[in-house]
Every structure is written in C-alpha cells, then in structure tokens.
Amino acid sequence: MVKDMTHTTSKRIRRALDITAGALVILLLIGIIWLDITSGVWAETVILSGIAAGLLTFLLTALFIDRWMAAREHRKWSPVTRLALTDILHALADDEHSDVRRGHIVARTLTVAAHPTAAQLDALLHEVIREREDITQALARWSQFLASSADVQALMNHIADLAESLDDIRDCVVELESGVQNADEGEADLHSELAAYSKATERTITEITAIQSRLRAEDN
C-alpha cells in the first residue's frame, strides 16, 4: 500500500513537472513568434535566430516527441514485457510451492543447518550455483529487450544484485569448507548472507508483481 501511494505521488509530481515544462515551451514559442512579427529581430540576428530555433527544436524533441515515441513503444511491447517479467519471476519463485499463473508466488529460499556438515555444505554450494545460473540466464535472455523497451532498469539492477549475493554465499561456503575462517564466525556469516538473500528475493518478487499489475492497468 505504501509503495502504491509512493508511486501515485511520484506520478503526480512527474505530471505536474511535464505540464509546467510544456507551458514554458509554449510561452517560449509564443515569445519567439511575437518577436519575429513585431520587430523582425530574428532576420537581423541570424546567429541568434539559429540558436533560438535549435533550442526550441531540442526542447520540443526532448519534452514531447521523444516521450511520445517512448510511450508508444512501451505500449506496443507491453505484452512481451510482461512475458519477460514472468520468465524472470519463474527463476526467482519456488516451483514446488508456487502457482505463478494464479498469482501465488513463494520465493526460493536457501537454508542450511545450524552446524552444517561437509555434505550439507556441498549440497548448498550446488544449489547456489544452480540458482545463480537460473537468475543470470533469465536476466541475460531479457536484459537487452527490457533496457530498450521498458522502464525497469532499477529492477534489473536488483536482479543483478541477487546474483552477486549468491556469489557472497558461495564464498562463505568455500571458506567454511576450506577452513580459512573460524567455524563459528563462518557459519554466522553464512546464515546472515542466506537471510539477506531471502529478503532481497522477496522484495524483488514484490517489485516484479507490482510492475506487472501496473502494465495490465495501463493496457486496460
């Protein structure tokens, strides 16, 4: 609920800024035309007139034309964007306990015993490697498309952070297995990294579902 209110507030602020910028551009256009009609100053100052024309063209392109084209592309590729997000969601969801189609999503979790044995650490290491491959493959498959057609750069960074978090877990496991670090400290670090990864995965899933809901609302 707080996220929805924050998104609504930021959307209103952006809209107010767009309206203000549009009004300023219109006033600037009127001023340029008025000067041209009443004084002919642009005919006498060729360099200034070129600068004014270039500035006006830049403002119109940056504030209106580019945004219109971006919004048009965003709407056109919205179904594919939802497909990409669903694919990434599958990489983060627990397949055994989730039903993505019905919106019931349980985040994957990585757990290990309080004092893990060598076999348990080895099993965790293989699970970490497998999960990292799933995340990086899903991100690699869709990153170029999402970067060019959807405003989800922040989400992509969060997903990349998950892969780095898995690297930290892997390093903890390797250090415990090799005996480089004190066992008690190593186990504490490992459990801390596992808990942080679980929370980050849940936040990322919540973010993806919120974006999907927003896309569906925009399409309707």
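Residues numbered from 1 in each chain as written. Predicted model: local features only at pLDDT ≥ 70, side-chain atom pairs only at ≥ 80, totals over all residues. Heavy atoms only, no water.

Undergrad: How would you summarise a negative patch on the surface if you had to cite specific residues and measurements?
TA: A cluster of acidic residues, Glu175, Asp184, Glu185 and Asp189, forms a negative patch at the surface. Considering each element in turn, the negative patch owes the most residues, three residues, to helix α7 (residues 183–219). One can find aspartate 184 in helix α7. (Patch = residues over 30% accessible without salt bridge, like charges linked within 9 Å, V, L, I, M, F, W, Y side chains within 5 Å. Areas by Shrake-Rupley, 256 points an atom, 1.4 Å probe, with all protein chains shown as cover. Salt bridge = Lys/Arg side-chain N within 4 Å of Asp/Glu carboxyl O. Lys, Arg positive; Asp, Glu negative; His and termini not counted. Charge placed at Lys NZ, Arg CZ, Asp CG, Glu CD. Helix = DSSP H or I, 4+ residues; strand = E, 2+ residues; numbered from the N terminus.)

Undergrad: Explain helix α6 (residues 153–178) residue by residue, including any values.
TA: Since there are 3.6 residues in each turn of an α-helix, residues three or four apart along the chain are aligned in direction. For α6, which comprises 26 residues, the first-to-last C-alpha distance of 38 Å matches the rise-based estimate of 38 Å (1.5 Å per residue) to within 8%. Of the positions making up α6, those classed as buried are Leu155, Met156, Ile159, Leu162, Ala163, Ser165, Leu166, Asp167, Ile169, Cys172, Val173 and Leu176. At the C-terminal side of α6, glycine 179 shows a positive phi close to 75 degrees. (Expected span 1.5 Å × (residues − 1). Buried < 20%, exposed > 50% of the residue type's maximum accessible area, 1.4 Å probe, protein only.)

Undergrad: Give a description of a nonpolar patch on the surface that names residues and reports values.
TA: A cluster of nonpolar residues, Leu24, Ile26, Leu27 and Ile30, forms a patch on the protein surface that exposes about 420 Å² of accessible area. Looking at where isoleucine 26 falls in the secondary structure, it is placed in helix α1 (residues 2–38).

Undergrad: Give me the confidence of the model for the protein chain: which residues, what numbers.
TA: Averaged over every residue, the pLDDT of the protein chain is 80; the share at 70 or more is 84%. Confidence scores differ between elements of the protein chain, with helix α2 (residues 41–44) showing the lowest mean pLDDT of 67 and α6 the highest of 89. Note on residues 1–5: pLDDT under 50 across the span, and one contact to partners over four residues away in sequence or across chains. (pLDDT = per-residue confidence, 0-100. Contact = heavy atoms within 4.5 Å.)

Undergrad: Help me get a handle on the side chain of aspartate 94, residues and values and all.
TA: Positionally, aspartate 94 belongs in the loop between α4 (78–92) and α5 (118–149). A distance of 3.1 Å separates a polar atom in the side chain of aspartate 94 from a polar atom in the side chain of histidine 97. Setting aside residues no more than four positions away along its own chain, aspartate 94 makes contact with Val106, Ala107 and Arg108. (Polar contact = N/O pair within 3.5 Å; in protein donor to acceptor, adjacent residues only side chain to side chain.)

Undergrad: Explain the packing of aromatic side chains to me, and be specific about the residues and the numbers.
TA: Two descriptors summarise a pair of aromatic rings, namely the distance from one centre to the other and the angle between the planes of the rings. Tallying each qualifying case throughout the model produces one aromatic pair. Aromatic side chains tryptophan 142 and phenylalanine 145 sit 6.2 Å apart centroid to centroid with 70 degrees between the ring planes, which places their arrangement in the edge-to-face category. Remark: phenylalanine 145 and tryptophan 142 occur in helix α5; sequence separation between them is three residues, near one turn of the helix. The same class applies to tryptophan 142 and to phenylalanine 145, which are both buried. (Phe/Tyr/Trp six-rings, centres within 6.5 Å; stacked < 30°, edge-to-face > 60°.)

Undergrad: Can you explain the side chain of glutamine 212? Please cite residues and give values.
TA: Along the polypeptide, glutamine 212 turns up in helix α7. According to the relative accessible area criterion, glutamine 212 is buried, its value standing at 7%. In this structure the side chain of glutamine 212 is engaged in a polar contact, spanning 3.0 Å, whose partner is the side chain of threonine 86. Non-local contacts of glutamine 212, meaning those with residues more than four positions away in its chain, are made with Arg82, Leu85, Thr86 and Leu89.

Undergrad: Which residues make up α4, and what values go with them?
TA: Helix length check: α4 (15 residues) gives 21 Å between terminal C-alpha atoms against 21 Å at 1.5 Å per residue, within 8%. Listed in full, the buried residues belonging to α4 are Ser78, Thr81, Ala84, Leu85, Ile88, Leu89, Ala91 and Leu92. Viewed along the axis of α4, the buried residues span an arc of 155 degrees, placing them on a single side of the element. (Arc of directions from axis to C-beta.)

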